[in-house]
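# Observations on the three-dimensional arrangement
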Amino acid sequence: EAGVTQFPSHSVIEKGQTVTLRCDPISGHDNLYWYRRVMGKEIKFLLHFVKESKQDESGMPNNRFLAERTGGTYSTLKVQPAELEDSGVYFCASSQRGASLHTDTQYFGPGTRLTVL
Amino acid sequence: AQTVTQSQPEMSVQEAETVTLSCTYDTSESDYYLFWYKQPPSRQMILVIRQEAYKQQNATENRFSVNFQKAAKSFSLKISDSQLGDAAMYFCAYRRGFWQGGKLIFGQGTELSVKP
């Protein structure tokens, strides 16, 4: 079974440019989460999809960030325009939609390292 | 709001020895879950162990065990018989009760090195 994949693995852009990160969850996982880790600090939650619906987007920092999950499969996270403080590692995680915590385990992707110059 | 604190940015252990990583958290809720995740260098983060707050018994997974002190809001991870493959960044995480949403709240991480 393929794990969570993210693309690209690294992205270097200049301030003001646009970047789109992609996450492909494990097949059949309804839940998809985005997190990011900035400058060696703690990993922070950004948002949570259940299928194609945004369940919780309380962690999105501002309106420069736009997440989508069309069709309830893969998800994209667009940053437009990028700022210096957006640099960090963006993680995606997915989980089944189950009736117990064991089926709700979040499986993480390898992350996308974003550098804004 | 819930917070998670890992006060040890770096730890080191000799191969085959035991090491304990500390984690404290703050919450006013009674129903929650706690996790330890491991991220090896250049690899994906994986779940090491989980603990339901309503369970008094400490969780154990092979060489990994936790010391869950609910009153003290402490959740430490003990790694016994440390192996070179245990070298990684370890994150402690909190999750609210099952029906309260799935987001994880992480600590700052502890980087563990294992010396041969």
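Residues numbered from 1 in each chain as written. Chains lettered and ligands numbered in written order. Predicted model: local features only at pLDDT ≥ 70, side-chain atom pairs only at ≥ 80, totals over all residues. Heavy atoms only, no water.

## A look at the overall build of chain A
Threshold: Note on conventions: DSSP H or I runs of at least 4 residues are helices, E runs of at least 2 residues are strands, and numbering of each starts at the N terminus. Only the C-alpha atoms count toward the radius of gyration. The rule for a globule is 2.2 Å times the residue count to the power 0.38. Burial classes follow relative accessibility: with a 1.4 Å probe on protein chains only, a residue under 20% of its type's maximum area counts as buried, one over 50% as exposed, and anything between as partly exposed. Note on contacts: a residue pair is in contact if any heavy atoms of the two residues lie within 4.5 Å. Throughout, the Shrake-Rupley method with a 1.4 Å probe supplies accessible areas, and for residues the shown protein chains are the sole cover considered.
Along chain A, the regular secondary structure elements total zero helices and eleven strands. In chain A, the succession of α and β elements from N to C terminus is β-β-β-β-β-β-β-β-β-β-β. Its C-alpha atoms give chain A a radius of gyration of 14 Å, near enough to 13 Å, the size a compact globule of 117 residues would have. Seen through its C-alpha atoms, chain A measures out along the principal axes to roughly 45 × 25 × 25 Å. Here chain A, with 117 residues, has 48% of them falling under the buried criterion. Across chain A, every contact between residues at least 6 apart in sequence was considered, and the portion connecting residues at least 24 apart equals 54%. For chain A, the accessible area works out to roughly 5800 Å², and carbon and sulfur atoms hold 48% of it.

## Focus: the sheet that holds strand β3 (residues 19–24) of chain A
Residues and elements named next belong to chain A. The following threshold applies: Each pair of strands is called paired provided DSSP finds at least two bridges between the two strands. Angles here are taken between N-to-C directions and fall from 0 to 180 degrees, while the axes themselves are lines fitted to C-alpha atoms, restricted in helices to the stretch in contact.
Taken together, four strands build an open sheet; the order of strands is β1-β3-β8-β7 and the sheet is antiparallel. One side of each edge strand has no neighbouring strand; the edge strands of this open sheet are β1 (5–7) and β7 (65–68). Here the average twist between neighbouring strands, direction ignored, is 15°. As paired elements, β1 and β3 share three bridges and run antiparallel to each other. Bridged to Phe7 within β3 is Arg22.

## Notes on the interface of chain A and chain B
To keep things clear, this is the line we draw: By convention, the term buried area covers the 1.4 Å-probe accessible surface removed from two parts as they join, with the contributions of both added. For this document, the term salt bridge refers to a Lys or Arg side-chain nitrogen within 4 Å of an Asp or Glu carboxyl oxygen. Definition of a polar contact: a pair of N or O atoms within 3.5 Å, with one able to donate and the other able to accept a hydrogen when the atoms are protein atoms, and with sequence-neighbouring residues admitted only if both atoms are side-chain atoms. Only Asp, Glu, Lys and Arg are considered charged, only Ala, Val, Leu, Ile, Met, Phe, Trp, Tyr, Cys and Pro nonpolar, and every remaining residue, Gly among them, polar.
The interface of chain A with chain B comprises 24 residues on the first partner and 19 residues on the second. Carbon and sulfur atoms make up 59% of the surface buried where chain A meets chain B, a total of about 1800 Å² over both sides. Here chain A and chain B share zero salt bridges between them. For the pair chain A and chain B, the number of links is seven residue pairs in polar contact (both at pLDDT 80 or more). Here the residues of the side of chain A that touches chain B are counted per class, giving ten nonpolar, nine polar and five charged.

## Regarding the packing of aromatic side chains
Heads up, the rule is: Any two of the Phe, Tyr and Trp rings considered here, Trp counted by its six-membered ring, make a pair once their centres fall within 6.5 Å; the pair's planes then place it as stacked at under 30 degrees, edge-to-face at over 60, or tilted in between.
One pass over the full model with this rule turns up 14 aromatic pairs over all chains. Relative to Phe106(B), the ring of Tyr35(A) has its centre 5.6 Å away and its plane inclined at 85°; by these criteria the two rings are edge-to-face. Of this pair, Tyr35(A) sits in strand β4 (residues 31–37) while Phe106(B) sits in strand β11 (residues 104–106), which puts the two residues in different chains. For Tyr35(A), a relative accessible area of 0% corresponds to the buried category. By relative accessible area, which is 3% here, Phe106(B) ends up buried. Here Tyr37(B) and Phe106(B) contribute two aromatic rings whose centre-to-centre distance is 6.1 Å and whose plane-to-plane angle is 55°, an arrangement assigned as tilted.

## Some details on the side chain of Gln2(B)
With respect to the secondary-structure elements, Gln2(B) resides in the segment before β1 (3–5). Contacts of Gln2(B), omitting those with residues within four sequence positions, involve Asp26(B), Thr27(B), Glu29(B), Tyr94(B), Arg96(B) and Ile105(B).

## With respect to the environment of Gly109(B)
Residue and element names in this part refer to chain B. By secondary structure assignment, the location of Gly109 is in the loop between β11 and β12 (110–115). Here Gly109 falls in the buried class, since its relative accessible area comes to 5%. For the pair Gly109 and Arg95, spaced 14 residues apart in sequence, the C-alpha separation works out to 16 Å. Here Gly109 is in contact with Gln6, Gln8, Pro9, Met89, Tyr90 and Phe91, once residues within four sequence places are set aside.

## Some thoughts on the pattern of salt bridges
Residues and elements named next belong to chain B. A complete count under the given rule lists nine salt bridges over all chains for this structure. One salt bridge connects Lys73 with Asp26, and the closest N-O pair in it is separated by 3.6 Å. A residue pair is termed long-range when its members are at least 10 positions apart, and Lys73 in the loop between β8 (64–69) and β9 (74–79) and Asp26 in strand β4 (residues 24–26) qualify at 47 residues. One salt bridge connects Lys55 with Glu52, and the closest N-O pair in it is separated by 4.0 Å. For Lys55, a relative accessible area of 38% puts it in the partly exposed group. Given the relative accessible area of 7%, Glu52 is considered buried.

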